[in-house]
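# A closer look at the structure
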Amino acid sequence: MVRSAPEPQELLEIAIEVAREAAATAYRMRVQGVSVAATKSTITDVVTAADRAAEQQVCEALRRLRPEDAVLGEEFGEAGTGDAAVRWIVDPIDGTVNYLYGVPHSAVSLAVEVDGTVVAGVVRNIVNGEEWTATAGHGAWRDGQRLRCSTELDLGQALVATGFGYDPRRREHQARVVAGLIPHVRDIRRLGAAALDLCFAAEGRVDAYFEKGLAAWDLAAGGLVATEAGLRVGGLAGTAAGPDLVIAAPPGLFAPLHDRLAALEAAGGP
């Protein structure tokens, strides 16, 4: 007997419940005091005990609620059945350095894909509880308000968010890209949490966003929120958004931002 695919709204309700519980855990651990537990790609790419605790909590909740699904997490990798049609993608704390320093810009990001397509996602700010949600084809929302992206058409008037990797060589290349871009935009914002940057773009707190080096857990939930708010989300030269480059911009702004980033070789470097 072939099992029917779950409805995206049903999956979103689970995602919201699980993400809220994980965010509460991360918030409590931050209040109690948190320190670096390990490093990853470089000594500045940190992991805290809260990252691990929040992801473990998410995995345990999903195993209880949907035991046949797979889970991909930033800290513990892939878990569950390899042939599962439903896979959850979790970043337990997006913006770990912000979290470590007490900068109130970090989030739990949880998305779910069915047969390889992201159909629902939630991003919840750990500190202030702001929460963005989306389901494929049914819009993006925050606090009951449907989100619409910026309508800016002029790149010179666009406020653009971006982020940097942890490898010094990559940062050096990204800094050159920003230096080449900043004379052609209103200004640049570097806020330190990709999922939140995408959600900010979804509601026009920034006009657009780009970054090289995003993993699936950085992009999945925030990318769906951005797309459902009307942003075009892609890479260079017609490629899909991914590790080489993510650009999220209003349809009328995408091409000029894309072309400027292409000229600056934003997808290049280490």
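Look a little higher up for the structure.
In this text the structure is predicted, and so the values were computed from the model without any measurement.

The subject of this paragraph is unusual backbone geometry. It is generally the case that most residues other than glycine have a negative phi and that most peptide bonds are trans. Although it is not a glycine, aspartate 115 sits at a positive phi angle of roughly 50°. Looking at the element boundaries, aspartate 115 is found in the loop between strand 6 (107-114) and strand 7 (117-125). At glutamate 265, a position not held by glycine, the phi torsion is positive, near 55°. The residue glutamate 265 is located in the segment after helix 7 (251-263) in this model. Under the relative-accessibility criterion, glutamate 265 is labelled exposed at 54%.

Tallying each qualifying case throughout the model produces 14 salt bridges. For arginine 66, the salt bridge goes to aspartate 69, with nearest N and O atoms at 2.4 Å. There is no split in this pair, since arginine 66 and aspartate 69 are both buried. Aspartate 167 serves as the salt-bridge partner of arginine 169, at 3.2 Å between the closest nitrogen and oxygen. By relative accessible area, arginine 169 is classed as exposed at 54%. Aspartate 167 gets classed as partly exposed once you look at its relative accessible area, which sits at 26%.

Scoring rules and cut-offs
Residues numbered from 1 in each chain as written. Predicted model: local features only at pLDDT ≥ 70, side-chain atom pairs only at ≥ 80, totals over all residues. Heavy atoms only, no water. Helix = DSSP H or I, 4+ residues; strand = E, 2+ residues; numbered from the N terminus. Buried < 20%, exposed > 50% of the residue type's maximum accessible area, 1.4 Å probe, protein only. Salt bridge = Lys/Arg side-chain N within 4 Å of Asp/Glu carboxyl O.

Nothing here speaks to function; it is all geometry.
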